[in-house]
Each structure stands twice: as C-alpha cells, then as structure tokens.
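Structural overview
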Amino acid sequence: MTSKPVQYRRVLLKLSGEALMGELDYGIDPQVIQRIAKEIATALKTGVEIAIVIGGGNIFRGAGLARAGMDRVTGDYMGMLATVMNALAIQDALESLDVYARVMSALQINEVCEDYIRRRAIRHLEKGRVVILAAGTGNPFFTTDTAASLRAIEIGADILLKATKVDGVYDADPMVNPNAKRYDTVSYDQLLTDKLSVMDATAVVMCRDNNIPLRVFDLTRADALVQAMTGHDVGTVVTA
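As the structure is a computational prediction, the values presented were derived from the model and not from experiment.

1. Structural notes on the layout of surface pockets
Estimates place the volume of the largest pocket at around 990 Å³. Around the largest pocket, the lining is made up of 45 residues, and of these Lys14, Glu18, Arg61, Asp145 and Lys162 lie nearest the centre. Mapped onto the lining of the largest pocket, the elements with two or more residues apiece are α2 (62–67), α3 (72–95), α5 (144–155), β6 (159–164) and β7 (169–170). At five residues, α3 tops the list of elements feeding residues into the lining of the largest pocket. Partitioned by chemical class, the residues of the lining of the largest pocket number 16 nonpolar, 18 polar and 11 charged.

In structure tokens:
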C-alpha cells in the first residue's frame, strides 16, 4: 500500500453487526473481529482519531423481532443491548493489541461501560483512544445508521465511513443485477431520489444537512479499512 498523508483528523466508522459474523450464521467470528481490530490499530498509528458505531444484527434485530410479533420498543431495546455485546467484543480485540479503547453506551450500564457523554467522548479521542459507541441513540425506532450520523455530527468527525460487504454504491443491487453500475461519487439527494440502499433516509438527511461526507467501502477487502481511514480512494464517496 502506498503511503499518503493522513487526510482526516477524526473519523467515525459504522460497522454492522453482520460484519462481525464472517461466514457464520450467527454471533461473532473471532478471526474476523481480530482482523478488523488489527486494521483499526494500523490506522490509529497514522494519527487519525477513531470512533466506532456498531450494530447488533448478528445477535438481535429489533425490526425483525417486531415483524415476528414482538413489541417494537422491546425488540429495539434488545437490539441496543446486542450492540453493547458487540462493542465489548471489539474493545477486547483492540486491547489484546495494546490499543486503548473505551465503550460508551447510550443506555446506562455502568458495570460494563461508560455512559455516552459527548465531551468525554471527544476527550478520549484526543488522548488517542478508540471510542466505541454502543446502544444506538438510546431510543427505539432509530437505526444504528442514524446513530452513526448523529454521533459523527456531535464529535465533529471529518467523514463517516460505512463498512459493508460491497465495494461502494450501485444503481441496483449488484448481488441481483450483474450489470449494476458502481458510482465513484454520488450526492445525498440522489441517494434519496433513487432510493439507493445505503443508509436509511433519516441518516442520509442528517449527513447532508450537516455537510458530513460519507464513504461506502468493502470491509472484506484486505487493507480497505486502513485505506478508507487514511483518505485513500476506495469505494464510493457521498457528498452534498
């Protein structure tokens, strides 16, 4: 990988819970989480400050539970707790590499993690610690994508990085349509108008209205995470 000056001072990485499963059907693949932790540690050494918002879809997904008959609010709170479990796993993987990490939760679970307080989160980042933001926004009916947009704005991130299993934004589902076209750049308005499945509409509008650029990239490709965090041209960039 060619060297390049760090472009970003502070980034927010959005990881889906499914990203931690690897080839498993459920839960966390230890090899996958160790690889992710190693790439985060490598990026951290370049001087970039890193915050992470993690989903919980590998354990529970509130909307899916609601469709199966469970109360939506109960399902969403279960999903938030799943994100705390994932956050603790990422923290453990990072600390095994001697990387200082703090889990901060939008729900109060003081025995296992800190409460999310914006100024404290920023201070952790300034001290070179990776901040893992769990429990979404702390409110039902809001996705972890929306939480990622909100936290990126609150901490003053230079960019929101969305790690997925595809190498950018396409005009159709590339898993279904082999002729789908990948965008190098695309606007937030086009995401909304064409209903491109990248993030939910609330998250997209928050990024657009607060001038937070978004980069969508393939987490499964070797070094893509490091490249995205250090400003290399990977995936698709979404801007206002």
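2. Topic: the packing of aromatic side chains
Overall, the coordinates contain zero aromatic pairs when judged by the stated rule. It is arginine 151 that lies over the ring of tyrosine 116; its NZ or CZ is 3.9 Å from the centre.

3. A word on the packing of helix α1 (residues 30–44) against α3
At a minimum axis separation of 9 Å, α1 and α3 run at an interaxial angle of 60°. By the angle between their axes, α1 is oblique relative to α3. Taken as a pair, α1 and α3 cross one another with a handedness that is right-handed. Contact with α1, carried on its side by Ile33, Gln34, Ala37 and Ile40, involves Ala89, Ile90, Ala93 and Leu94 of α3 and no other residues of that element.

4. With respect to the packing of α5 against helix α7 (residues 201–209)
Axis separation between α5 and α7 bottoms out at 7 Å; the angle between their running directions is 15°. Between α5 and α7, the crossing angle belongs to the class labelled roughly parallel. The hand of the α5/α7 crossing is left-handed. Along the contact surface, α5 presents Asp145, Thr146, Ser149, Leu150 and Ile153, while α7 presents Thr202, Ala203, Met206 and Cys207. Its residues assigned to classes, the contact of α5 with α7 comprises five nonpolar, three polar and one charged.

Reading the values: the criteria
- Residues numbered from 1 in each chain as written.
- Predicted model: local features only at pLDDT ≥ 70, side-chain atom pairs only at ≥ 80, totals over all residues.
- Heavy atoms only, no water.
- 1 Å grid on protein atoms, 1.4 Å probe; cavity = no way out; pocket = protein on both sides within 12 Å on 5 of 7 lines; lining within 4 Å.
- Points joined across faces, edges and corners; volume = space filled by probe spheres on them.
- Helix = DSSP H or I, 4+ residues; strand = E, 2+ residues; numbered from the N terminus.
- Nonpolar A, V, L, I, M, F, W, Y, C, P; charged D, E, K, R; others polar.
- Phe/Tyr/Trp six-rings, centres within 6.5 Å; stacked < 30°, edge-to-face > 60°.
- Lys NZ or Arg CZ within 6 Å of the ring centre and 35° of its normal.
- Axes fitted to C-alpha atoms, helices over the stretch in contact; angles between N-to-C directions.
- Parallel < 35°, antiparallel > 145°, perpendicular 65-115°, else oblique.
- Left-handed = near helix turned anticlockwise from the far one by under 90°.
- Contact = heavy atoms within 4.5 Å.

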